[in-house]
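Chain by chain, the residues run as shown.
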Amino acid sequence: MMAEHWQEPFSQAEIAAMRRATRDETKLAAGFWRVLRKVARRVPFAEDALAAFYCAFDPATSPRVKAILVGAIGYFVLPFDILPDVLPLIGFGDDAAVLAAALAAVQGAVTKAHRDKARQTMADGL
């Protein structure tokens, strides 16, 4: 049976990126919640972003999956990106594309429990 790409050994660059992401994890989490609370009702992918967040911060998640999802979450949190988030309708298009690509890359890692928790958080009003 062939291993999934996200289960392969890490490169040196990936290890360095994970170290940087781990140092900034608290800031990333705070920024994620700040941005999500602000835009949750305007972006159709808010529940997917939450599921990715819960998976990335789950201790059972593999380091490779965590690195991929933290990168996508970081892009969502960044105040400046390819399409400014203040543009109506299209401003979050690039964020959605990055998140969708990350979720596709780690397809089996985001569990039903992560998605259920995201759904419940959205139902509770964040």
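The structure this text deals with has already been given above.
Residues numbered from 1 in each chain as written. Predicted model: local features only at pLDDT ≥ 70, side-chain atom pairs only at ≥ 80, totals over all residues. Heavy atoms only, no water.

(A) Molecular detail of helix 2 (residues 25–39). Under the 1.5 Å per step criterion, the end-to-end length of helix 2 is 21 Å for 15 residues, consistent within 8% with the ideal 21 Å. Taken together, the buried positions of helix 2 are Leu 28, Ala 29, Gly 31, Phe 32, Trp 33, Val 35, Leu 36 and Val 39. Residues of helix 2 that are buried in the fold lie against helix 3 (46–56), helix 4 (63–77) and helix 6 (112–123). (Helix = DSSP H or I, 4+ residues; strand = E, 2+ residues; numbered from the N terminus. Expected span 1.5 Å × (residues − 1). Buried < 20%, exposed > 50% of the residue type's maximum accessible area, 1.4 Å probe, protein only. Contact = heavy atoms within 4.5 Å.)

(B) Quick peek at the pattern of salt bridges. With the rule as written, the count across this model stands at four salt bridges. Residue Asp 116 is joined to Lys 112 by a salt bridge in which the shortest nitrogen-to-oxygen separation is 2.7 Å. A residue pair is termed a helical-turn pair when its members lie 3 or 4 positions apart in one helix, as Asp 116 and Lys 112 do in helix 6 at four residues. The exposure class assigned to Lys 112 is exposed, which follows from its relative accessible area of 62%. Three or more residues are tied together by salt bridges with common partners; here these are Glu 47, Lys 112, Asp 116 and Arg 119. (Salt bridge = Lys/Arg side-chain N within 4 Å of Asp/Glu carboxyl O.)

(C) A look at the environment of Arg 115. Among the structural elements, Arg 115 can be located in helix 6. Arg 115 sits in the partly exposed class, given a relative accessible area of 30%. C-alpha separation for the pair Arg 115 and Glu 47, spaced 68 residues apart in sequence, amounts to 7.7 Å. Excluding residues that lie within four positions of it along the chain, Arg 115 makes contacts with Asp 48, Ala 51, Leu 103 and Val 110. A distance of 3.0 Å separates polar atoms of two side chains, one belonging to Arg 115 and the other to Asp 48. (Polar contact = N/O pair within 3.5 Å; in protein donor to acceptor, adjacent residues only side chain to side chain.)

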